[in-house]
Amino acid sequence: MNLVVMAGDDIGPEIVAAAMAMVKAADAEFSLGLRFTDVEVGMGSHRRHGTTLTEAAIRMAEEADAAIVGPCGMTDYPSLAEGGVNIPGTIRKRLDLYANLRPARSRAGLPDARKDLDVLIVRENTEGFYSDRTMFQGNGEFMPTPDVALSVRKITRQGSERIAKVAFEYAARRSRRVTVVGKRHVLQMSDGLFMEPAYALAKTRPDIVLREMDIDAMAADIYTRPGRHDVILISNMFGDILSNLAVALSGGLGMAAAINAGDKHAIANAGHGSAPDIAGKGIANPTGMILSAGMLLEWLGIRHGKPAFQQAWRAVQAAVDAALADPEARTGDLGGRGNTRGFGEAVVRHLRSAKLLAAVA
């Protein structure tokens with residue numbers, strides 16, 4: 001299998017290097033048969049080609065089995081007319097990556113982690129309130145008069161059905177619980193349509209417990225009673241907000257792992273920004289990027305029926321847990337004394353340990 005690697009901007013190359021050290025170690029330990037192709041994107045690509053994302057780079061992502069994409073410094077990009085292309089957004093649209101999967105779990109040794117938290121947020125990624133995702137042509141946010149601004153929310157049956165299916169599939173592999181989140185008594189038509197397929201699926205899957213919760217109640221419940229929830233099915237904007245809250249409760253934004261997946265493609269990209277203020281200092285937390293790459297291995301294993309990839313994902317999680325428990329390894333944002341490279345090396349050491357490999361066999 002071929003993985004395209006796009007390091008991105010700012011801290012992107014640093015944390016992607018740590019993630020790739022893990023991926024290559026997993027490849028060797030579990031005989032995954034991976035090949036890697038580095039593709040330049042971001043401001044380096046802009047200086048060389050006049051665009052942050054070339055058509056050739058997009059084609060390579062389309063032709064690969066999956067991609068690893070580092071954080072991109074889009075706030076500093078030139079305008080679209082000047083070649084400042086939104087890299088993850090463009091790839092997401094071209095590859096129809098409709099499912100944003102964002103886990104949050106408390107781990108030993110993290111001082112700010114909320115006990116008993118272990119959720120997977122399954123966020124619809126192509127519709128909702130975001131104005132760049134609601135219209136075939138034009139923009140979903142507009143001003144009919146100088147004093148009135150309107151924003152259109154788009155919810156479709158197709159989009160709601162396919163994201164509900166993903167949530168139930170993951171729940172079947174976890175604790176068999178789905179919480180569907182919205183504000184249905186206010187957004188009666190759009191949230192009603194979004195939740196309808198979940199209730200239909202629940203009738204065919206009596207082994208999976210479905211609960212509905214308002215978004216404001218959910219924001220409180222994930223803090224006060226995190227152990228109640230497993231898979232959280234949620235629309236785009238609500239999911240974007242809740243996933244940041246959840247990962248903060250897991251210890252900090254440096255833990256933010258994510259993949260964006262569709263029926264045929266997936267990309268791993270950490271759920272945080274490019275942090276230009278600490279770029280080049282070697283102190284960025286690579287945990288989210290490492291876990292994102294591990295999630296990508298799991299997705300490949302599920303899609304292609306390859307148990308070794310799923311075994312590798314279990315080993316990655318155990319290795320990250322072990323590294324995070326060591327204050328000498330974990331980075332300063334998590335109360336540790338380590339750095340980017342050192343943490344990545346610690347993960348690789350634990351991944352290669354005979355005891356760990358035996359535990360996940």
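Everything below is about the structure printed above this text.
Everything quoted here is computed from the prediction, not taken from an experiment.

What to know about a nonpolar patch on the surface
Taken together, the side chains of Met135, Phe142, Val148 and Leu150 define a hydrophobic patch exposed on the protein surface, amounting to about 300 Å² of accessible area. Position of Val148 among the secondary structure elements: in strand β7 (residues 148–151). The class for Val148 is partly exposed, based on a relative accessible area of 33%.

Details of the side chain of Glu14
By the element assignment, Glu14 lies in helix α1 (residues 12–30). Once you skip the residues sitting within four places of it in the chain, Glu14 turns out to touch Ala279, Gly280, Lys281, Gly282 and Thr340.

Description of the packing of α1 against helix α10 (residues 307–324)
Running from N to C, α1 and α10 cross one another at 130 degrees; their axes reach a closest spacing of 10 Å. Classed by the angle they form, the pair α1 and α10 counts as oblique. The hand of the α1/α10 crossing is right-handed. For the pair α1 and α10, contact is made by Met22, Ala26 and Phe30 and by Ala308, Gln311, Ala312, Ala315 and Val316, respectively.

Considering the environment of Met237
Following the sequence through the fold, Met237 ends up in helix α8 (residues 236–249). Between the C-alpha atoms of Met237 and Arg123, which are 114 residues apart in sequence, the distance is 8.6 Å. Not counting residues up to four positions away in its chain, the partners in contact with Met237 are Phe129 and Tyr130.

Regarding the pairing of strand β2 (residues 35–38)
Two strands pair when backbone bridges link them, and strand β1 (residues 2–6) and β2 are joined in this way by 4 bridges, in the parallel orientation. Paired with Asn2 across the two strands is Arg35, which belongs to β2. Handedness of the crossover is the feature at issue here: the chain leaves β1, passes through α1, returns alongside β2, and the resulting connection is right-handed.

Concerning the sheet that holds strand β11 (residues 259–261)
In spatial order, the strands read β2-β1-β3-β12-β11-β4-β5-β10-β8-β9; together these 10 strands make up an open sheet with mixed pairing. What marks the edges here is a single partner per strand, and that holds for β2 and β9 (209–214). Looking at each pair of strands side by side, their axes are set apart by 25 degrees on average, direction ignored. Of the pairings in the sheet, the one linking strand β8 (residues 177–182) to β9 comprises 6 bridges and is parallel in character.

Focus on the pattern of salt bridges
Pairs may arise between side chains of opposite charge once their charged atoms sit close together. A full pass over the atoms with the stated rule returns 23 salt bridges. Taking the shortest distance from any N to any O, the salt bridge between Glu62 and Arg94 comes out at 3.7 Å. In this pair, Glu62 is assigned in helix α3 (residues 55–63) and Arg94 in helix α4 (residues 87–94), connecting sequence segments 32 residues apart. Assessed through its relative accessible area of 28%, Glu62 is described here as partly exposed.

So, helix α6 (residues 188–204)
Taking 1.5 Å of rise per residue, the 17 residues of α6 would be expected to cover 24 Å, and the 24 Å separating its terminal C-alpha atoms lies within 8% of that figure. Taken residue by residue, α6 has Ser190, Asp191, Gly192, Leu193, Phe194, Met195, Pro197, Ala198 and Ala202 as its buried positions. Contacts made by the buried residues of α6 are with β5 (118–124), α5 (157–173), β8, β9, β10 (231–234) and α8.

Describing the packing of aromatic side chains
Under the definition given, this model contains 0 aromatic pairs. The ring of Phe36 carries Lys24 above its face, with NZ or CZ at 5.7 Å from the centroid. Lying across the ring of Tyr170, Arg173 places its NZ or CZ 4.5 Å from the centre.

What counts, and where the lines are drawn
Each chain carries its own residue numbering, running from 1 in the direction its sequence is written. Confidence filtering applies because this is a predicted model: local features only for residues at pLDDT of at least 70, side-chain atom pairs given and counted only at 80 or more, and all residues used for totals across whole chains, interfaces and linings. Working from all heavy atoms in the structure, the side-chain values ignore hydrogens and water. Note on patches: the residues involved have over 30% relative accessible area and no salt bridge, like charges join within 9 Å, and the nonpolar side chains Val, Leu, Ile, Met, Phe, Trp and Tyr join within 5 Å. Only the protein chains shown count as cover for residues, and the accessible areas themselves come from Shrake-Rupley with a 1.4 Å probe. Note on definitions: salt bridges are taken to be side-chain nitrogens of Lys or Arg within 4 Å of carboxyl oxygens of Asp or Glu. By definition, any uninterrupted DSSP run of H or I lasting at least four residues is a helix, any uninterrupted run of E lasting at least two residues is a strand, and each is numbered from the N terminus. Each residue's exposure class comes from its accessible area (1.4 Å probe, protein chains only) as a fraction of the maximum for that residue type: buried when under 20%, exposed when over 50%, partly exposed otherwise. In this description, contact between two residues means that some pair of their heavy atoms is separated by no more than 4.5 Å. Whenever a helix is involved, its axis is fitted only over the stretch in contact; in every case the axis is a line through C-alpha atoms, and angles between N-to-C directions fall within 0 to 180 degrees. Note that the term roughly parallel is reserved for angles under 35 degrees, roughly antiparallel for angles over 145, roughly perpendicular for angles of 65 to 115, and oblique for everything else. Whether a crossing is left-handed or right-handed is set by the direction in which the near helix is turned from the far one by less than a right angle, anticlockwise for left-handed and clockwise for right-handed. Criterion used throughout: strands pair if DSSP finds at least two bridges between them. Note on handedness: a crossover is taken as right-handed if, strands pointing away from the viewer, the path from the first strand over the helix to the second is clockwise. For a helix, the expected span equals 1.5 Å multiplied by the residue count minus one. Each Phe, Tyr or Trp ring (for Trp, its six-membered ring) is paired with any other whose centre lies within 6.5 Å, and the angle between the two planes then decides the class: stacked below 30 degrees, edge-to-face above 60, tilted in between. To sit over a ring, a charge needs its Lys NZ or Arg CZ within 6 Å of the ring centre and within 35 degrees of the ring normal.

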